[in-house]
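Fold and contact review
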Amino acid sequence: MTRGSDVEKIDVLTLLPQRPPFVMIDRLIHFDEVVTTTSFAVREDNLFMEEDGMLNSCALMENIAQTCAARMGYINLFVHEEHVKLGFIGSVKGFKVIRPARKGEVLTTSIEVIQEVMQLTQVLAEVKVGDETIAMAEMRIAETDIDAIS
């Protein structure tokens, strides 16, 4: 199992069912049983970029969901030695955007698992730019038995 700084060497596309241009994370930074962290550079060509150089709030929601997907993909590939499975947002609670992300910023998104029951995972998520929290949410992700198309 890949741990510590070795997780940063993983091609994030191997963990996700999403494909460019809809990928909203660049790197897996940390993985353990409870916390998963990713990073994402906000680029001008992002699908969710507004004319004012701000990232639409939908992108922050998707960034959180893809951090969850990276966690599940990591578990599928490196723990269970299976294919990446499709997952879906089951619910979102308390989604709060303190401020939008700006072009050129690097987002660091961490999810903390609160509860896992069968194929449903509940997490607390926080999106930061440096030390500043810019968004947070509680999210439930449902994983299917369907292999993601690679």
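Here's the deal with the nonpolar core
- Core analysis: the biggest nonpolar cluster contains 26 residues, and Leu55, Leu107 and Met139 have the highest contact counts within it.
- Secondary-structure elements contributing two or more residues to this core are α1 (57-79), β4 (106-117), β5 (120-129) and β6 (132-147).
- Among the elements that take part in this core, α1 stands out by supplying seven residues, more than any other.
- Contact partners of Leu55, with chain neighbours within four places excluded, come to Val42, Asn46, Phe48, Met49, Pro100, Ala101 and Leu107.
- With 13 residues, the next largest nonpolar core counts Leu28, Ala69, Ala70 and Tyr74 among its residues.

Let's talk about the pattern of salt bridges
- All told, the structure shown has nine salt bridges when counted by the stated rule.
- As a salt-bridge pair, Arg43 and Asp26 come within 3.1 Å of each other at their nearest N and O atoms. In this pair, Arg43 is assigned in the loop between β2 (35-41) and α1 and Asp26 in the segment before β1 (27-31), connecting sequence segments 17 residues apart.
- Accessibility expressed as a relative area gives 38% for Arg43, which makes it partly exposed.
- Since its relative accessible area comes to 26%, Asp26 is described here as partly exposed.
- Across the pair Arg99 and Glu105 runs a salt bridge, and its minimum N-O distance is 2.9 Å.

As for the packing of aromatic side chains
- Summed over the entire model, instances satisfying the criterion amount to three aromatic pairs.
- Centre to centre, the rings of Tyr74 and Phe78 are 5.0 Å apart; their planes meet at 40°, and the pair counts as tilted. In this pair, Tyr74 and Phe78 both sit in helix α1, four residues apart, roughly one turn of the helix.
- On the basis of relative accessible area, Tyr74 is assigned to the buried category, the value being 0%.
- One aromatic cluster is present, formed by Phe31, Tyr74 and Phe78 through successive ring pairs.

Some remarks on the pairing of β2
- Counted residue by residue, β2 has five buried out of seven residues, so it is predominantly covered.
- Pairing of β1 with β2 involves four bridges; the strand directions are antiparallel. Within β2, the residue paired with Arg27 across the bridge is Ser39.
- Connecting the antiparallel pair β1 and β2 is a turn made up of three residues.
- Bridge analysis of β2 against β4 gives seven bridges, and the strand direction is antiparallel. Within β4, the position partnered with Val35 by the bridge is Glu112.

Describing the side chain of Thr67
- Within the element layout of this structure, Thr67 appears in helix α1.
- By relative accessible area, which is 0% here, Thr67 ends up buried.
- The residues contacting Thr67, other than those within four sequence positions of it, are Ile25, Thr36, Thr38, Thr109 and Ile111.

Re the pairing of β5
- Here β4 runs beside β5; their pairing, made up of ten bridges, is antiparallel. Following the sheet pairing, Glu112 is matched in β5 by Leu124.
- What sits between β4 and β5 in their antiparallel hairpin is a turn of two residues, with Met118 showing a positive phi close to 55°.
- Judged from the ten bridges that link them, β5 and β6 form a sheet pairing that is antiparallel. Its bridge partner being in β6, Val123 is matched across the sheet by Met139.
- Hairpin geometry of β5 and β6 is characterised by an intervening segment of two residues between the two adjacent antiparallel strands and by a positive phi of about 65° at Gly130.

Cut-offs used in this document
- Residues numbered from 1 in each chain as written.
- Predicted model: local features only at pLDDT ≥ 70, side-chain atom pairs only at ≥ 80, totals over all residues.
- Heavy atoms only, no water.
- Core = buried A, V, L, I, M, F, W, Y, C linked by side-chain atoms within 4.5 Å.
- Buried < 20%, exposed > 50% of the residue type's maximum accessible area, 1.4 Å probe, protein only.
- Helix = DSSP H or I, 4+ residues; strand = E, 2+ residues; numbered from the N terminus.
- Contact = heavy atoms within 4.5 Å.
- Salt bridge = Lys/Arg side-chain N within 4 Å of Asp/Glu carboxyl O.
- Phe/Tyr/Trp six-rings, centres within 6.5 Å; stacked < 30°, edge-to-face > 60°.
- Pairing = 2+ DSSP bridges.

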